Amino acid sequence: MLINAEFPLPGGRVIRYTLRTSSRARWVSGWIRPETGLVVTVPSHATPQEAEAFLVKHQQWVVRQLDRWAARCAQLPRPWPYGTSLLYRGEGHEVEVCKARSGGVERTPDLRLLVRAPSAGIDGARRVLQRWLKEEAAVMLSRRVEALGASMGLRAKRLYARNLRSSWGRCWPSGSLSFNYRLIMAPPHILDYVVVHELAHLKEPNHSSRFWEVVGGQFPAYRPARTWLRTFGPCLSV
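The rules we used
Residues numbered from 1 in each chain as written. Predicted model: local features only at pLDDT ≥ 70, side-chain atom pairs only at ≥ 80, totals over all residues. Heavy atoms only, no water. Axes fitted to C-alpha atoms, helices over the stretch in contact; angles between N-to-C directions. Helix = DSSP H or I, 4+ residues; strand = E, 2+ residues; numbered from the N terminus. Parallel < 35°, antiparallel > 145°, perpendicular 65-115°, else oblique. Left-handed = near helix turned anticlockwise from the far one by under 90°. Contact = heavy atoms within 4.5 Å. Nonpolar A, V, L, I, M, F, W, Y, C, P; charged D, E, K, R; others polar. Core = buried A, V, L, I, M, F, W, Y, C linked by side-chain atoms within 4.5 Å. Buried < 20%, exposed > 50% of the residue type's maximum accessible area, 1.4 Å probe, protein only. Pairing = 2+ DSSP bridges.

### Considerations on the packing of helix H4 (residues 188-201) against helix H5 (residues 209-218)
Between H4 and H5, whose axes approach to 9 Å, the crossing angle comes to 140 degrees. Considering the angle they form, H4 stands oblique to H5. In the packing of H4 onto H5, the handedness of the crossing is right-handed. Contacts between H4 and H5 pair Tyr-193, Val-196, His-197, Ala-200 and His-201 from the former with Phe-211, Trp-212, Val-214, Val-215 and Gln-218 from the latter. Looking at the contact of H4 with H5 residue by residue, the classes come out as seven nonpolar, three polar and no charged.

### Quick look at the nonpolar core
Side chains of a nonpolar character, in soluble globular proteins, are inclined to be buried together. Counting 47 residues, the largest nonpolar core has Leu-86, Leu-129, Leu-133 and Tyr-193 as its most contacted members. At the level of secondary structure, the elements contributing two or more residues to this core comprise strand S5 (85-88), strand S8 (112-117), helix H3 (122-152), strand S11 (177-180), H4, H5 and helix H6 (222-232). Among the elements that make up this core, the one with the highest residue count is H3 (11 residues). With sequence-adjacent residues up to four places away left out, Leu-129 is seen in contact with Trp-80, Leu-86, Val-95, Val-105, Leu-113, Val-115 and Val-238.

### Describing the environment of Thr-36
Secondary-structure assignment places Thr-36 in the loop between strand S3 (29-33) and strand S4 (37-43). For the pair Thr-36 and Cys-235, spaced 199 residues apart in the sequence, the C-alpha separation amounts to 8.7 Å.

### Overview of the sheet that holds S4
Read across the open sheet, the four strands follow the order S1-S2-S4-S3; overall the sheet is mixed. Every other strand in the sheet has two partners, leaving strand S1 (2-8) and S3 as the edge strands with one partner each. Between one strand axis and the next, the sheet turns through 30 degrees on average, direction left out of account. Here five bridges tie S3 to S4, and the two strands are oriented antiparallel to one another. Each bridged residue has a counterpart across the sheet, and for Trp-31 the counterpart in S4 is Val-39. Helix H1 (residues 48-57) rests against S1, strand S2 (14-22), S3 and S4 of the sheet, and its axis sits at about 130 degrees to S4.

Rendered as structure tokens:
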């Protein structure tokens, strides 16, 4: 469960945060990210006062981190579940969750994602959405790798859509390519840039000038695409 909350600090400053209740949490914790702002997670049996005590105890860290991220947070939309919408192929979709025996996702023409989950809670819906996005990513990435690879005269041996934690794509010495499944949330041209980037590594394994010539030959606007990923990449999350 997520609740938008506020807490006044001495001196008149008000801290706005998301209170998240989790059955898996054993103690109160907090994090700050550009796409979510400040999130305080408490065990299911905890009280709001325990979250406030956490903020008092760590107020110097909280204030310092909020000030650090203020400018960047202002330009990033908050994705579901910390906001109301989830990106799919670069478009914001309203997420609606309902309880059902079997999990699944239906995408409607009016840009809604109807999520059916055995549990109507956030965690269950997130697992269903992640599974659906991985399946969608595998299909789309396979199509684009085949099409762009043919245009570049390059062919990957295998392709994987995975939850890569520190990169958007990876080219293995074996000739296989791995991609972050969350690319399905990005605009189509951003996904294409990452595909071209990793295909180019089949020819040039490093980031030499020759590598960027290969990338630029197929995708001339690669610099704006890189900037987009650095700026809005944090929004591609579930």
